[in-house]
Every structure is written in C-alpha cells, then in structure tokens.
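A structural walkthrough
Here's the letter readout for the chains.
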Amino acid sequence: MPQLVTARWRRRDGRRRRLFLPVVPIVLLLSPLLVFTVIGGIVACLMYGLPPLRTLAGVGRLFGALPGARFEFEQGRTAVFVSVR
C-alpha cells in the first residue's frame, strides 16, 4: 500500500510548491465514505454484470502497483508532478 504521495507543481510565476500527503491518515479520515464507495461499486458491478469479488481484487492489485508510480503533466508554464511512494 502506498505510504506517501508527493505532489509538486510550478506556478505561472515560476515558483514551485510541494505537498506531501500521508496515505494512511487520509484513508482513516475518509473510511466512512469508503464503505459507501464499496457498496456503490458492488451495485455497479451487479448492474453491469461484472463479478464483484474479481473486480475488487483487480482494484486491490491496481492500488498495490501504485508505489513507485510517477505522473507528470505540463501545460504552458504550469507543470504538475505526482510521485507515489
């Protein structure tokens, strides 16, 4: 499970900002919403005829593969960099 997400971006005036987001405390704070999200996901799987357990396993594997991922976006003079550790 990822432990830390780092987001960096460059503003139009050239200054750089950095934001560190610890994953575990955020998940704990949002855990009541996570229950509703899982229930909604199960309902969506049943509506579209997908097996809910295999879909949940696929989502778990996706989150397990996130550590080490890097995303970079640049448009004009604004740039955003996200790193998952």
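Scope of this entry: the structure provided in the associated data block. Worth saying up front: this structure is predicted, and the values here are computed from it rather than measured. (Residues numbered from 1 in each chain as written. Predicted model: local features only at pLDDT ≥ 70, side-chain atom pairs only at ≥ 80, totals over all residues. Heavy atoms only, no water.)

Our focus in this paragraph is the side chain of Ser83. Tracing the backbone shows Ser83 in strand E4 (residues 78-84). If near-sequence neighbours (up to four positions away) are discounted, Ser83 is found in contact with Leu4, Val5, Thr6, Ala69 and Arg70. (Helix = DSSP H or I, 4+ residues; strand = E, 2+ residues; numbered from the N terminus. Contact = heavy atoms within 4.5 Å.)

Next up on the list: the nonpolar core. By size, the foremost hydrophobic cluster in this structure holds five residues: Val5, Ala7, Val23, Val82 and Val84. Looking at this core, the elements that each hand over two or more residues are strand E1 (4-10) and E4. Beyond its immediate chain neighbours, meaning those up to four positions away, Val84 contacts Pro2, Leu4, Val5, Leu66, Pro67, Gly68, Ala69 and Phe71. (Core = buried A, V, L, I, M, F, W, Y, C linked by side-chain atoms within 4.5 Å. Buried < 20%, exposed > 50% of the residue type's maximum accessible area, 1.4 Å probe, protein only.)

Glancing now at the pairing of strand E3 (residues 70-75). Burial runs low along E3: only zero of the six residues are buried. Sheet analysis places E3 next to E4, joined by six bridges and oriented antiparallel. Each bridged residue has a counterpart across the sheet, and for Glu74 the counterpart in E4 is Ala79. (Pairing = 2+ DSSP bridges.)

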